[in-house]
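Descriptive analysis of the structure
So you can see what is in the structure, the chains are spelled out below.
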Amino acid sequence: MRNRSRKLAVLASIAAIGTMVGLAAPAGAGPTVLTGTRNSFAQAGSDTTYFMMQNLATAYNVDNTKNTDLHDIVTEIPPLNVAPFPAGTFVPGDDIDPSFLWDSSTVGLPSDVIPGNTPPNGSSAGITALNADTTSKIDFARSSRGPNSGETPALRFWAYALGAVDYVTFLGTHAPAAGITQQQLINIYTCNATTHLPIVSNWNQVGGTAGVIVKYIPQAGSGTRSFFQSKLLNGNTIDNNCDAGHMSTSLEEHDARGVTTASKPNAIYAYDFSKWKAQATGFEANLRNGAALGKLGTTTSNRQGPSLATVNTTASRFIGTRYVFNVDRAAAHPGSYSGQLADIEKFIGVRATANGGPGLICGGTLAPNITLAGFVPLALGGSGGVGLPQSNCRLNPPAL
Amino acid sequence: MDARTSTYSRAPRFVLAGFVLAGFVLGGRRNLRTVRTPALVMALMAGLLAGCSGSGSTAKPPSSTSGSSTTTASLPPLPTTTPGNPDETPNRIPFDVGEIAARSNGWRIGVTRVVRPLTAGGLPALPGDREYVGVDISMTNDGSAPVTVNARRIFGLQDETGHGHAAISGATGVTGLDGSYAPGTNRTGRMVFAVPVGKKLLMLLDGPVIHTQRSIFQIDPPTHPVVD
């Protein structure tokens, strides 16, 4: 209990400081310009990992073991400048690039023909912005997706944690306690091509008790929905072949408050495991509305829910497991900043042992912070790449 | 159970906050022309965020406990990234046209169709740079309490330049939506707005007025790109 109290206190302090840094303004939030070997880095992209990376960046900014320039400063650029994200984020200047304020007061990216200061929103938008950067205004990116064809080796995707997406049910559910199979999940969310009725419409068709299934789904345009379709539904489109009377009801992703009390026994929805955990611990506001994670498998014999024991990279992992990434560019941007990649990877990557070995995240030191944010740290293992030592990261790993 | 009615005092605050938000959402697209938001709007936004319990982004610092201290009497509170009432924070990704969105306290609300330009008879002529848009809306109260809806008070459009547009005055401005929604009531209706020609549009819902979540809906274009 004593150790837990101290650990939580330290983590809470780190997270609180991280949040304040996210609101950074020139005054009172550290230096506005770094000089000499000290540099200022900014990361943009995914909303899924924003709060976690803000926490990790805060730890890096005061670290003395890997942040050997004493100290480079990492700033997390939020995907949007509205709540729950900071209204404005100040990035200190350095010898490479002057300070910059991201506050969405001007549409567009700094790299646009008409420069703006609106952050890229989402993983793909962040990666696009990283590729377009020529001034070190976006040094690296957050991503909840892996590399697309052709993106490597110019981009280096450092997997550093695991998340997952699962279906959830609610209080008094008629769903089977033993869980369902992936094919049954597909049959719930798709319809017969001839009748246009759901292939499975009642919980008693999949081993539960009688009750007409009420389908909820993360809204169109959400990454959770996209992954749910591609991975859990094995590429099937939600409501495929369904008529207007049998469409799913949309909910905001990571927010189940729209599930009515009356529909709870029959409801099914999708939830990001890490968000579910973060909301359970109070790291994020609890919007679960009593949602419970379901057990899912490819067969009835391997059904399991996501947990610290099943969200991993083994062959027996939970089916909805996915990596989350930090992404940097092999080429310096601007080209004159030859040490950019090495400096960034002291934080998010792995260098040859002679050059410092694993960075702060990949060295495993920040695993408790990753856990606090609801994600699962990667185990020590081969880093990938050429001549890199073992670490808690994987470079350009194949998709799970 | 008493009917819950709209509260006037909250609407203006949402309109401003929502418009600022929508400006950012629209602003996420790279092909829009540059828009310089006046400093006044930014100042208003800061004030609104400060005054809105659910809009702040600063976690309340935990009780001071250094890493080397002894055991505290109780665990310090963990920070939350979204403090306050989450109903005050609208969805980051707008709902597409055609989506029926489940909102808190049992509301089912969606934009089912957008007609632009709308050329219905009886509408007064507009200047050449403006046009009418008809927004068909479905509202269902699947909650446990009756709620009175005044659609003009809760729905508004915003264009990509940050300007808000209320429904036009007169009976044609809102049809089919106003009134008391007993539990289980569904209504579909249309709101008509006069908007600039060619400007992208979002619709904002001041959800707390009807005891649900602030929400943003796509209007034109009808879908929002995936945010992964």
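For every chain, the first residue of the written sequence is number 1, and numbering continues from 1 along that sequence. All chains are assigned letters beginning at A, and all ligands numbers beginning at 1, according to the order in which they are written. With the structure being a predicted model, the display of local features is reserved for residues of pLDDT at least 70 and the display and counting of side-chain atom pairs for 80 or more, all residues being used for whole-chain, interface and lining totals.

Here we come to the overall build of chain B. Numbering goes from the N terminus for both helices and strands, where a helix is a DSSP run of H or I of at least four residues and a strand is a run of E of at least two. Helix and strand counts for chain B come out as 3 helices and 11 strands. For chain B, the α and β elements follow one another from N to C terminus as α-α-β-β-β-β-α-β-β-β-β-β-β-β. Exposure is read from a count of other C-beta atoms within 10 Å of each residue's own; the residue is exposed at 12 or fewer, buried at 20 or more and partly exposed in between. C-beta atoms are placed from the backbone. Every one of the 228 residues in chain B was classed for burial, and the buried ones make up 42%. A separation threshold of at least 6 residues defines the contact pool for chain B, and within that pool the share at least 24 residues apart is 71%. What counts as a contact is two residues whose backbone-derived C-beta atoms lie within 7 Å of each other.

Right, let's talk about the overall build of chain A for a bit. Tallying secondary structure elements over chain A gives 8 helices and 15 strands in all. Here the C-alpha coordinates of chain A stretch approximately 70 × 45 × 45 Å along the principal axes. Across the 400 residues of chain A, 58% fall into the buried class. Sequence-distant contacts in chain A: of pairs separated by 6 or more residues, those separated by 24 or more amount to 67%.

Our next topic: the pairing of strand 10 (residues 201-205) of chain B. All names here are of chain B. Counting buried positions over the 5 residues of strand 10 gives 5, a clear majority of the element. One bridge is not enough; two strands pair if DSSP finds at least two bridges between them. Inspection of the sheet shows strand 5 (residues 155-159) paired to strand 10 by 5 bridges, in the antiparallel sense. Looking at strand 10, one finds that Asp159 is bridged to Leu201. Pairing of strand 10 with strand 11 (residues 215-220), which is carried by 5 bridges, proceeds in the antiparallel orientation. Its bridge partner being in strand 11, Leu202 is matched across the sheet by Gln218.

Turning our eyes to something else, we now look at the sheet that holds strand 5 of chain B. Strand pairs in the sheet, formed through backbone hydrogen bonds, run parallel or antiparallel to each other. With antiparallel pairing, the 4 strands of this open sheet are ordered in space as 6-5-10-11 (chain B). The sheet is open, and its two borders are formed by strand 6 (164-165) and strand 11 of chain B, each paired with just one other strand.

In this section: unusual backbone geometry. Cis geometry marks the peptide bond from A:Leu70 to A:His71; its omega dihedral reads -5°. By the secondary structure assignment, A:His71 is in the loop between helix 2 (50-61) and strand 2 (73-76). Backbone torsion omega between B:Asp220 and B:Pro221 reads 5°, so that peptide bond is classified as cis. The backbone of A:Ser136 sits at a positive phi, close to 75°, despite the residue not being glycine. With respect to the helices and strands, the residue A:Ser136 is situated in the loop between helix 3 (123-132) and strand 5 (140-143). Since 21 C-beta atoms lie within 10 Å of it, A:Ser136 is described here as buried.

Okay, the pairing of strand 10 (residues 267-272) of chain A next. All names here are of chain A. A large share of strand 10 lies buried, amounting to 6 of its 6 residues. Because side chains alternate across strand 10, one face comprises the buried residues Ala267, Tyr269 and Tyr271, and the other comprises Ile268, Ala270 and Asp272, equally buried. As paired elements, strand 6 (residues 155-169) and strand 10 share 4 bridges and run antiparallel to each other. For Asp166, the partnering residue across the bridge sits in strand 10 and is Tyr271. By the bridge criterion, 2 bridges tie strand 8 (residues 214-218) to strand 10 in an arrangement that is parallel. Looking at strand 10, one finds that Lys215 is bridged to Ile268.

A separate point is helix 5 (residues 223-232) of chain A. Taken together, the buried positions of helix 5 of chain A are occupied by A:Gly223, A:Thr224, A:Arg225, A:Phe227, A:Phe228 and A:Leu232. Following helix 5 of chain A by one or two positions, A:Asn234 has its phi on the positive side, about 55°.

Below, the discussion takes up the nonpolar core. One finds A:Tyr269, A:Ile361, A:Cys393, B:Val135, B:Met203 and B:Ile219 to be the most contacted residues of the largest nonpolar core, which totals 132 residues. It is strand 6 of chain A that contributes the most residues to this core, 11 residues altogether. Excluding residues that lie within four positions of it along the chain, A:Cys393 makes contacts with A:Trp158, A:Ala159, A:Tyr160, A:Gly349, A:Val350, A:Ile361, A:Cys362, A:Leu378 and A:Ser383. A set of buried Ala, Val, Leu, Ile, Met, Phe, Trp, Tyr and Cys residues, joined through C-beta atoms within 7 Å, is what we mean by a nonpolar core.

Residue and element names in this part refer to chain A. Most of helix 7 (residues 340-348) is tucked away: 8 of the 9 residues are buried. Taken as a whole, helix 7 has its buried residues at Gln340, Leu341, Asp343, Ile344, Glu345, Lys346, Phe347 and Ile348. Against the buried residues of helix 7 lie strand 1 (40-45), helix 2, strand 2, strand 5, strand 6 and strand 13 (321-329).

We now examine the environment of A:Ala331. For A:Ala331, the position within the fold is in the loop between strand 13 and helix 7. Spatially, the C-alpha atoms of A:Ala331 and A:Leu155 are 8.5 Å apart, while their sequence positions differ by 176 residues.

Residues and elements named next belong to chain A. With respect to the element layout, Val324 can be found in strand 13. For Val324, a count of 26 C-beta atoms within 10 Å gives the class buried. Filtering out sequence-adjacent residues up to four positions away, Val324 remains in contact with Thr48, Thr49, Ser144, Ala161, Gly163 and Phe375.

What follows is about the confidence of the model for chain B. Atom-level detail of predicted coordinates should not be read off regions where pLDDT is low. All names here are of chain B. The pLDDT value tells you how sure the predictor is about a given residue, anywhere from 0 up to 100. Residues at a pLDDT of 70 or more form 63% of chain B, whose mean pLDDT is 73. Low pLDDT, under 50, characterises residues 1-79; the stretch is placed with 158 contacts to residues that sit more than four places away or in other chains. Among the scores for the predicted complex, ipTM is 0.83 and pTM is 0.82.

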